[in-house]
Structure formats: structure tokens, C-alpha cells
Amino acid sequence: MGMSNKAAYEVHINGLRSSLIPIHSNIRQGCPLSMQLFAPCLNPLIQTLERELKGIQIGQGHAKTTVIAYADDVTIFLTSPADVRNLQEILLIYEAATGAKVNMRKSRTLALGAWDATTQIMEITYHTDVKILGFHFTK
């Protein structure tokens, strides 16, 4: 706690520095508590996605997977255009409640099987391959 008591930042724009801006609340980069504090915030989103989206069936039983999450990397499996609309509504509610935002520049979509790649998913560009948790997936 002692290292964070008087934390402040400055902004650099065009070579000029602002005066110090005190930080009253935050989690510092690399803080070992960051994931323990983030997980309870992400869990309601994951549970909602699992409950509201169709997901992909696993094997012959009723098991399904809708979301895979590791730290702040979240992979969501959509199987119908209706799920796209549901996802957008769920994320709008989550973003309003938490202030968290989807990083569109880092987001990827991959169309597999009969999925229509003209179906827009939050204006995220379709790719022919993606890397998920270190594994390479391709059409």
C-alpha cells in the first residue's frame, strides 16, 4: 500500500509534459492482486453469456461451451445471428455497469462451417486464422 499512497501520472503530448495528476484509485500494472480483483468483475459476464447464448455442443450430451476466458482474454462462440444480437445487448449492459470496454482493435472473428461471414459482429473484421490462448485456429 505504501507504494501506491502518493501515485501520480503526467501526460506527454507533442514533447510537453503536464503537471502531475494524482491517482486516487487504480490497480498498477503487474500488481499481483489485479487478476484476483478482476475475476469477480468478469464472472457475472461469463455466467450471463453461458446462460443466454446457444454456444457449441460438446459430444453427444447436453454439455456446451459458450465462453473461454483466461485473465482478460475472452473467447465467445456464436452459432446463430440471434446470438450476435444477444451478445451486443449483454455487452452493452456489462459495459454500462462496469465501465469496461471491448478492445475492438484486438478483437477477431473467425467464421467456421456454414457461418455467413457477411453477418457483422460489432464491426469486428473477419480473419482466416486466429490465435486463442496460444493455439492457432484456421478455416
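Note that the structure is a prediction, hence the values are computed from the model and not measured.

With 19 residues, helix α1 (residues 34-52) ought to run about 27 Å at 1.5 Å a step, and its terminal C-alpha atoms sit 28 Å apart, in line with that. L42 marks where α1 bends most, by close to 35°; the proline P44 follows one to four residues later. Buried within α1 are the following residues: L42, L45 and L49. Looking at the buried positions of α1, the neighbouring elements they touch are β7 (67-70), β8 (73-76) and α2 (81-98).

A separate point is the packing of α1 against α2. Where α1 contacts α2, the two axes come as close as 11 Å, and the packing angle between them is 155°. Relative to α2, the element α1 lies roughly antiparallel. The crossing of α1 and α2 is right-handed. Taken together, the residues of α2 that come into contact with α1 (itself represented by C41, L42, L45, T48, L49 and E52) are D83, N86, L87, I90, L91 and Y94. Partitioning the contact of α1 with α2 into residue classes produces 8 nonpolar, 2 polar and 2 charged.

Moving on to unusual backbone geometry. One can expect most non-glycine residues to show negative phi and most peptide bonds to be in trans. Its identity is not glycine, yet M122 carries a phi of approximately 50°, on the positive side. Considering the arrangement of structural elements, one finds M122 in the loop between β9 (109-110) and β10 (126-127). Positive phi is not limited to glycine here, since L133 has a value of about 50°. Along the polypeptide, L133 turns up in the loop between β11 (129-132) and β12 (135-138).

In this section: the environment of I13. By the element assignment, I13 lies in strand β2 (residues 12-13). Residue classification places I13 among the exposed positions, given a relative accessible area of 53%. Along the chain, I13 and T109 lie 96 residues apart, while their C-alpha atoms are 34 Å from each other.

On to α2. Here α2 spans 26 Å end to end across 18 residues, near enough to the 26 Å set by a 1.5 Å rise per residue. Buried residues along α2 sit in contact with α1 and β8. Positive phi appears at G99, one or two residues downstream of α2, with a value of about 85°.

Going residue by residue along β11, you find V130 and I132 tucked away on one face and D129 and K131 left uncovered on the opposite face. Both β11 and β12 contribute to a ladder of 4 bridges, which runs antiparallel. By the bridge assignment for β12, V130 is matched with F137. Linkage of β11 to β12, two consecutive antiparallel strands, is achieved through a turn of 2 residues, within which L133 is found at a positive phi near 50°.

With that settled, consider the side chain of T109. Here T109 is to be found in strand β9. When near neighbours in sequence (up to four residues on either side) are disregarded, T109 contacts I121, I124, T125, Y126, H127 and V130.

What counts, and at which threshold
Residue numbers run consecutively from 1 along every chain, following the written order of its sequence. For a predicted model such as this one, the threshold for reporting local features is a pLDDT of at least 70, and the threshold for listing and counting side-chain atom pairs is 80 or more; totals across whole chains, interfaces and linings nevertheless cover every residue. The side-chain quantities take in all heavy atoms of the structure and omit both hydrogens and water. Runs of E in the DSSP output that reach at least two residues are strands. Runs of H or I that reach at least four are helices, and both are numbered from the N terminus. Here the expected span of a helix is defined as 1.5 Å times the quantity of residues minus one. The reported bend at a residue is simply the angle between two axes, fitted to the 7 residues ending at it and to the 7 residues beginning with it. Partly exposed residues are those whose accessible area sits between 20% and 50% of the maximum for their type, while under 20% is buried and over 50% is exposed, using a 1.4 Å probe and protein chains only. When checking whether two residues touch, look at their non-hydrogen atoms; a contact exists if any pair is within 4.5 Å. Lines fitted to C-alpha atoms define the axes, with helix axes restricted to the stretch in contact, and inter-axis angles between N-to-C directions lie between 0 and 180 degrees. Throughout, the term roughly parallel applies to angles under 35 degrees, roughly antiparallel to angles over 145, roughly perpendicular to angles from 65 to 115, and oblique to all others. Left-handed is the label given to a crossing in which the near helix is rotated counterclockwise from the far helix by less than a right angle, and right-handed is the label when the rotation is clockwise. Residues are grouped as follows: Ala, Val, Leu, Ile, Met, Phe, Trp, Tyr, Cys and Pro are nonpolar; Asp, Glu, Lys and Arg are charged; all remaining types, including Gly, are polar. Two strands form a pair only when DSSP identifies at least two bridges running between them.

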